[in-house]
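The chain contents come next:
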Amino acid sequence: MIASAFSLLNQPSSLNPDTCRILLNGIEHQVPVAMSVAAALLYLGQGATRQHPVSGQPRAGLCHMGVCFECLVTIDGQQNQRACMRPVSANMSIISTPKDLNS
Amino acid sequence: MTQVYDYLVVGAGPAGMAAAIEASHAGLTVLVLDQAATAGGQIYRNVGHSSTAQERVLGPDYSLGKPLLKAFMAASCDYQPLAQVWNIEPHAQGFTVAALIDGRSVNFVASDLLIANGAMERPMAVAGWEKPGVMTAGAGQILLKASALLPKQVVLAGSGPLLLLLAHQYRAAGVTITALLDTTPRSNYWRAMPWLVAGLSMPKQLIKGMWLTLVQRICVPYFANVADIQIVGDAQVKAVRFMVAGKEYEIPTNLVLLHQGIVAQTQMAQTLACEQEWSDAKQCWQTQVVKAGQTSVPGVQVAGDAGAIGGAQLAQLEGRLAAMARVKQNCTHPSWARKLAYFALSWRIRQLHWARGLVDRMYQPAPWLSTPTGTTVVCRCEQVCAAEITDIAKAGCAGVNQLKAFSRAGMGPCQGRQCGLNLGYLVAQAQGRSMAQVEPLSVRSPLSPINLGQLAQATEL
């Protein structure tokens, strides 16, 4: 995982209490509630969401509004979910493994 | 017995909300299906839950959505968020609409439909746009509205009001804008000049637009008349390369946001066989409207950016007008006051569309962006590059739908939403035809992917 290119607007010095626990590739994280899964991935520094089935290259969400289908991840065992269309919820398990992510 | 709604509205943006308010006040049974978790559409996304810090950064126009949202939540209509419509078809009592809700397909029946699912951003196929670290400006704004996420630094590239607005909002939030690459061709300004009269009919918006443009030119590293943008990097964006007046530049960055205007989402209307037309001014396909949102198919209306692109204010008025027209059907003797309100509203909509002519012409996409070349990926889903498409088109392919069969371009999960327009431009260019002569990609159900289990369990009527 690399340093996130994104940060929260109201950078919490008073630590934002409204967070929830999610599992990203089995690793526990706290993310702000009501964020989309795609936003949570960016927040956690995961710049890519999936490995492209044709080219094998890493890809990431382009539109964040349900149009491009680039942010497909596995959510709670369901494959090919658009990460941008699903708000995070407590104990949600997300599998997102783009190859060569941090090379 | 399934409930038959009088009016089913797809989309809870300004058009859908305004229509639902009007129709439910008039006593119709109304259902609103929306794919997002909260109502507001893209323009007023999350407006009901935004923080004061978000509102400060997003500006006063964003908060205009608040009273509308409040009226919508108070209206006596049924509202179903997180509903992804995947099928619409005619039914004995009107139409049946199937939506995925919480992983299950649910059917709804209504006598009349209003399609108000808005627009999407015009795809901007530059070399390397498929790399992680490239998003659209709309995506950047959605992250700000819905998740209060901001990039630390960014390069903005493209053309159009949203790009300038986002630059303004990012600056207000303290984001470092490494560069703003404006691809608007100089010739557009000349082409738009006669439409200045139209723009002058809305002086407030015109001044705001000119001010936004001016401020960005002064306050951020601004490059005008940019061409040949290339995204450089391997697994992640490292830099952006571009040309200005024959000189090459390269700027290091890990994030590029692209934008070149928005285009109507016509897929739902297309599955219902509503007639489509090519708009030369807006450079996109749109659903033909007879009057007050009425499409060529009886019982089906469109409103807002799902019809002709016009922005939030117009969308809200169009939604209201469409609902008034629907209510009129049930009312044999409307009052004079109602008739007058209807007439005034349709006149105002016509005037606003005319005023929009300036923006339409000013921000038409640059030709080099509509017709990419070489190894630039056009179909992201199936990884089909521009040269392959041009070769097939030159060999005499009949149109984009045959091209789809030959190349797989447009066959992936996005169902041609990201490549359809560029396929059309490339075929038109290779064969010396106009866009109006190249038909749009055909649309078939499912409108969004559904797995076999969900299909099998789909509630039967």
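Residues numbered from 1 in each chain as written. Chains lettered and ligands numbered in written order. Predicted model: local features only at pLDDT ≥ 70, side-chain atom pairs only at ≥ 80, totals over all residues. Heavy atoms only, no water.

Residue and element names in this part refer to chain B. It is the contact of helix α15 (residues 386–394) with helix α17 (residues 420–431), at a shortest axis distance of 9 Å, that shows an interaxial angle of 45 degrees. The orientation of α15 relative to α17 falls into the category oblique. You can see that α15 and α17 cross each other, and the crossing is right-handed. Between α15, through A386, I389, T390, A393 and K394, and α17, the contact on the second element is made entirely by L423, L426, V427, A430 and Q431. Residues that form the contact of α15 with α17 fall into these classes: seven nonpolar, two polar and one charged. (Axes fitted to C-alpha atoms, helices over the stretch in contact; angles between N-to-C directions. Helix = DSSP H or I, 4+ residues; strand = E, 2+ residues; numbered from the N terminus. Parallel < 35°, antiparallel > 145°, perpendicular 65-115°, else oblique. Left-handed = near helix turned anticlockwise from the far one by under 90°. Contact = heavy atoms within 4.5 Å. Nonpolar A, V, L, I, M, F, W, Y, C, P; charged D, E, K, R; others polar.)

Counted under the stated rule, the structure contains 14 salt bridges over all chains. Here R380 of chain B makes a salt bridge to E70 of chain A, at a shortest N to O gap of 2.7 Å. Here the residue R380 of chain B occupies a position in the loop between β23 (377–379) and β24 (384–385), and E70 of chain A occupies one in the loop between β5 (58–59) and β6 (72–75), the pair thus bridging two chains. For the pair formed by R380 of chain B and E70 of chain A, the shared burial category is buried. Put simply, E22 of chain B and R338 of chain B hold a salt bridge, and the shortest N to O gap is 3.2 Å. With E22 of chain B in helix α1 (residues 14–25) and R338 of chain B in helix α12 (residues 336–355), the pair connects residues that are 316 residues apart, well separated along the chain. Linked through salt bridges whose partners overlap, the residues forming this network are R50, R59 and E70 of chain A together with R380 of chain B. (Salt bridge = Lys/Arg side-chain N within 4 Å of Asp/Glu carboxyl O. Buried < 20%, exposed > 50% of the residue type's maximum accessible area, 1.4 Å probe, protein only.)

Interfaces are often described in size by the accessible area the parts lose on coming together. With 46 residues of chain B at the interface, the matching set in chain A holds 39 residues. For the pair chain B and chain A, the summed buried surface comes to about 3500 Å²; carbon and sulfur atoms form 62% of the total. Considering only the side of chain B, the residues that lose the most area to chain A are L149, K152 and R380 of chain B, jointly responsible for 15% of the buried surface there. At the junction of chain B with chain A, the criterion picks out one salt bridge. There are 12 residue pairs in polar contact (both at pLDDT 80 or more) connecting chain B and chain A. A total of six residues in the side of chain B that touches chain A trace back to one element, the largest contributor, which is helix α5 (residues 137–147) of chain B. A per-class count over the side of chain B that touches chain A returns 26 nonpolar, 14 polar and six charged. Pairing analysis gives three bridges linking strand β1 (residues 6–8) of chain A to strand β11 (residues 149–151) of chain B, with the strands arranged antiparallel. (Buried area = accessible area lost by both parts, 1.4 Å probe. Polar contact = N/O pair within 3.5 Å; in protein donor to acceptor, adjacent residues only side chain to side chain. Pairing = 2+ DSSP bridges.)

Here the focus is empty space enclosed by the protein. One pass over the structure, following the stated rule, counts six cavities of 30 Å³ or more. If you add up the space inside the largest cavity, you get close to 310 Å³. Around the largest cavity sit 22 residues that line it, and T266, Q267, G416, G420 and L421 of chain B are the ones nearest its centre. Examining the composition of the lining of the largest cavity, we find that three residues originate from one element, α17 of chain B, more than from any other. Its residues assigned to classes, the lining of the largest cavity comprises 12 nonpolar, eight polar and two charged. Two domains each put at least three residues into the lining of the largest cavity: domain 1 (4–120 + 263–331) and domain 3 (371–437) of chain B. Of the pockets and cavities examined, the second largest cavity occupies roughly 70 Å³. In terms of lining residues, the second largest cavity is bounded by L62, C63, M65 and V67 of chain A together with M120, E121, R122, P123, T136 and Q418 of chain B. Here the lining of the second largest cavity is built from residues that sort into six nonpolar, two polar and two charged. (1 Å grid on protein atoms, 1.4 Å probe; cavity = no way out; pocket = protein on both sides within 12 Å on 5 of 7 lines; lining within 4 Å. Points joined across faces, edges and corners; volume = space filled by probe spheres on them. Domains from an automatic or database assignment.)

Moving on to the state of the cysteines. Evaluation of the coordinates by the stated rule reveals zero disulfides over all chains. Unpaired in this structure, C71 of chain A has its nearest cysteine sulfur neighbour in C84 of chain A, at a distance of 3.8 Å. Since its relative accessible area comes to 3%, C71 of chain A is described here as buried. The closest cysteine sulfur to the non-disulfide-bonded C414 of chain B is located on C381 of chain B, 3.8 Å from its own sulfur. With a relative accessible area of 2%, C414 of chain B lands in the buried category. (Disulfide = S-S within 2.5 Å.)

So, on to helix α11 (residues 312–329) of chain B. With 18 residues, α11 of chain B extends 26 Å between its outermost C-alpha atoms, agreeing within 8% with the 26 Å of an ideal straight helix rising 1.5 Å per residue. By the criterion of burial, α11 of chain B is predominantly enclosed, with 13 of the 18 residues buried. (Expected span 1.5 Å × (residues − 1).)

For the rest of this paragraph, the subject is the pairing of strand β18 (residues 256–260) of chain B. All names here are of chain B. With five of five residues buried, β18 is to be regarded as a mostly interior element. In β18, alternate side chains face the same way, and those of V256, L258 and Q260 on one face and L257 and H259 on the other are all buried. The pairing of strand β10 (residues 134–136) with β18 spans three bridges and is classified as parallel. Each bridged residue has a counterpart across the sheet, and for M135 the counterpart in β18 is L257.

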